[in-house]
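So the chains spell out like this:
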Amino acid sequence: VAIDGGLVVVGTLDGAYLFDAATGQQLEELIPDGGLPVGGSGVATIAGGFGQAVDIGGGRIVVGAKTANGSSLYSGAAYVFDTSGDELHKLNGGPAWSQFGGSVGIDGTTVVIGAKYASPNGKDSGAAHLFDALTGQPAGNLAPSDGHVFQHFGSSVGIDGLHIVIGAEWDNGGGFSAGAMYLYEVQGGSFITKLLASDGAPNDDLGA
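Just so you know, these numbers come straight off a predicted model, no measurement behind them. (Residues numbered from 1 in each chain as written. Predicted model: local features only at pLDDT ≥ 70, side-chain atom pairs only at ≥ 80, totals over all residues. Heavy atoms only, no water.)

Asker: Quick question: what am I supposed to make of the overall build of the protein chain here?
Answerer: Counting its secondary structure elements, the protein chain contains 0 helices and 18 strands. A globule of 208 residues ought to have a C-alpha radius of gyration of about 17 Å, and the protein chain, at 16 Å, matches this closely. Expressed along its principal axes, the backbone C-alpha trace of the protein chain runs to roughly 45 × 45 × 30 Å. Here the protein chain, with 208 residues, has 46% of them falling under the buried criterion. Taking as baseline every contact in the protein chain between residues at least 6 positions apart, the subset at least 24 positions apart corresponds to 41%. With an accessible surface of roughly 9,100 Å², the protein chain has 53% of that area assigned to carbon and sulfur atoms. Here the protein chain contributes 6 positive and 21 negative side-chain charges, whose respective centroids are spaced 10 Å apart. (Helix = DSSP H or I, 4+ residues; strand = E, 2+ residues; numbered from the N terminus. Rg over C-alpha atoms; globule rule 2.2 N^0.38 Å. Buried < 20%, exposed > 50% of the residue type's maximum accessible area, 1.4 Å probe, protein only. Contact = heavy atoms within 4.5 Å. Areas by Shrake-Rupley, 256 points an atom, 1.4 Å probe, with all protein chains shown as cover. Lys, Arg positive; Asp, Glu negative; His and termini not counted. Charge placed at Lys NZ, Arg CZ, Asp CG, Glu CD.)

Encoded structure:
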């Protein structure tokens, strides 16, 4: 669920809806062009996870579909809509099984999409992808210099103004799977700092 400028977007297990925050009236049901996405092939198909991650900002809505066949099998996808419910862009960026779209964020003209099972720093280390909200074009990728296997960088994402924050729920910096958050600049994706809880402990999953 997310709110911006008097509009609320709510995701379901396989859908997303836009409401008026003042009246509670449903304004739109968000449906991708071509219908709801699916994942898999042949008889082994599953729901694409559309609606399990949502955000709204600047008159645009982004909805993730983490198990959809985006660019490849179960790679995931994300969709950008306007507040009239019209699809503007379909975003792809993750390899097979990466769950691109498992977390999403939008602010201004920047969209950030998490893919916690991508493997730039080893198996399931995770990544985040930036896109231009106006054009739908890729604008950069983020992965930490201290990334490691099963870190799940991209398990959560947030963006506001000049900053992006990315969760890494199984980061080992504060202990086994204690978790961490990484802060970046929107402009250029420059790394700022890594956030760890002062009382962090193994299996806290900070950033989940």
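The structure having been displayed, the exposition proceeds.
Asker: I'm lost on the sheet that holds strand 1 (residues 2-4) in this one. Help?
Answerer: Backbone-to-backbone hydrogen bonds join strands into a sheet, with any given pair of strands oriented parallel or antiparallel. Read from one edge of the open sheet, 4 strands run 1-2-3-4, paired in antiparallel fashion. One side of each edge strand has no neighbouring strand; the edge strands of this open sheet are strand 1 and strand 4 (26-30). Each adjacent strand pair in this sheet contributes to an overall mean axis angle of 20 degrees, direction not counted. Relative to strand 3 (residues 15-20), strand 2 (residues 7-12) is paired through 6 bridges, and the arrangement is antiparallel. Bridging from a neighbouring strand, T12 pairs with G15 of strand 3. (Pairing = 2+ DSSP bridges. Axes fitted to C-alpha atoms, helices over the stretch in contact; angles between N-to-C directions.)

Asker: Which parts of the structure should I look at to understand the sheet that holds strand 10 (residues 87-91)?
Answerer: Within the open sheet, the 4 strands sit side by side as 7-8-9-10. Their pairing is antiparallel. Two strands close off the open sheet at either side, each with one partner strand: strand 7 (50-57) and strand 10. Ignoring which end each strand starts from, the neighbouring axes of this sheet average 20 degrees apart. In this structure, strand 8 (residues 60-65) lies alongside strand 9 (residues 77-82), joined through 6 bridges in antiparallel fashion. Bridge assignment links V63 to a residue of strand 9, and that residue is Y79.

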